[in-house]
Amino acid sequence: MVTAWMRRAWDRLAPVPDLQARKRAFFDRYAGRTLIVHEGFPEGWLGKLVHEPGGGGHFRIDARQPAFRPDTPARRLYPVQWLVREHILPLELPRPVLVRVEGRDHLRVRHLRRHGGVCDPAEVGMILEDMTERPHVLLYPEEDGFSVDWVLDPADNLVDTPYGLI
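Residues numbered from 1 in each chain as written. Predicted model: local features only at pLDDT ≥ 70, side-chain atom pairs only at ≥ 80, totals over all residues. Heavy atoms only, no water.

1. Looking at the environment of Arg 8
Here is step 1 of the chain: You can see Arg 8 is positioned in helix 1 (residues 4-13).
Here is step 2 of the chain: Sequence separation between Arg 8 and Pro 73 is 65 residues, and the spatial gap between their C-alpha atoms is 9.8 Å. (Helix = DSSP H or I, 4+ residues; strand = E, 2+ residues; numbered from the N terminus.)

Structure representation (structure tokens):
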């Protein structure tokens, strides 16, 4: 059994994480990939997403897990947990949030809320394409984390299609 004393001792003895190493490990694993940061989905939503073209290829990160709580020691976080906890959740965008990791130079972030709820799973592909020009936020790596560049107002949830904004 791990006592509170043992946990505090471990926290003092555990090495302080190297932010550059964490960032490098994150980009090594997720460059060119897509994350969906969520706090649960409506009934049947995820099943529909998996049946959409490319829908099963998104990494799904449940922000309700203990690693994303402020009382969890930051020294024990995996690189993706560190990114979500320290840089995605503080943006306070409505969840779920789609994060496209563009190589090693930046991340594109856009929420998946439309029409008063979570978008239809069939719209995720269109939103992903639209994120190239219209993300809500761009995150650029810096020495101590990421700089934030707001592109769209979070209230703007329109998607640009060949037929115009819908």
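2. As for the sheet that holds strand 8 (residues 145-150)
Each strand in a sheet pairs with its neighbour through backbone hydrogen bonds, running either in the same direction (parallel) or in the opposite one (antiparallel).
Here is step 1 of the chain: Strands sit in the order 2-1-3-4-7-8 across an open sheet of six strands; the sheet is mixed. The open sheet terminates on both sides in strands that have one partner only, identified here as strand 2 (59-62) and strand 8. Recorded for the sheet is a direction-independent mean angle of 25 degrees between the axes of neighbouring strands.
Here is step 2 of the chain: With four bridges connecting them, strand 1 (residues 34-38) and strand 2 associate as parallel partners. (Pairing = 2+ DSSP bridges. Axes fitted to C-alpha atoms, helices over the stretch in contact; angles between N-to-C directions.)

3. A closer look at the pattern of salt bridges
Here is step 1 of the chain: Scanning all chains against the criterion turns up ten salt bridges.
Here is step 2 of the chain: Measuring nitrogen to oxygen at the nearest pair gives 2.8 Å for the salt bridge that ties Asp 62 to Arg 64.
Here is step 3 of the chain: Each member of the salt-bridge network shares a partner with another, and the members are Arg 110, Asp 130, Arg 134 and Asp 156. (Salt bridge = Lys/Arg side-chain N within 4 Å of Asp/Glu carboxyl O.)

4. Overview of helix 4 (residues 79-88)
Here is step 1 of the chain: The element helix 4 is largely enclosed, with a buried count of eight among its ten residues.
Here is step 2 of the chain: If you check which residues of helix 4 are buried, you get Val 80, Gln 81, Trp 82, Leu 83, Val 84, Arg 85, His 87 and Ile 88. (Buried < 20%, exposed > 50% of the residue type's maximum accessible area, 1.4 Å probe, protein only.)

5. Points about helix 2 (residues 19-30)
Here is step 1 of the chain: In this model, helix 2 (twelve residues) spans 16 Å end to end at C-alpha, consistent with the 16 Å of a helix rising 1.5 Å per residue.
Here is step 2 of the chain: Sitting at the amino-terminal end of helix 2 is Asp 18, which places a side-chain oxygen 3.2 Å from the backbone nitrogen of Gln 20. (Expected span 1.5 Å × (residues − 1). Polar contact = N/O pair within 3.5 Å; in protein donor to acceptor, adjacent residues only side chain to side chain.)

6. Quick word on the nonpolar core
Here is step 1 of the chain: Grouped together as the largest cluster of nonpolar side chains are 26 residues, with contacts concentrated most on Phe 26, Val 37, Leu 83, Ile 88, Val 99, Leu 107 and Val 109.
Here is step 2 of the chain: Counting residues per element, this core draws most heavily on helix 4, which supplies five residues.
Here is step 3 of the chain: When neighbours within four sequence positions are excluded, Phe 26 is seen to be in contact with Ala 31, Leu 35, Pro 79, Val 80, Leu 83, Val 101 and Leu 107. (Core = buried A, V, L, I, M, F, W, Y, C linked by side-chain atoms within 4.5 Å. Contact = heavy atoms within 4.5 Å.)

7. Comments concerning the pairing of strand 8
Here is step 1 of the chain: Summarising the sheet, strand 7 (residues 137-142) and strand 8 pair through six bridges and their orientation is antiparallel. Looking at strand 8, one finds that Val 137 is bridged to Trp 150.
Here is step 2 of the chain: Counting the residues that bridge the hairpin from strand 7 to strand 8 gives two residues.

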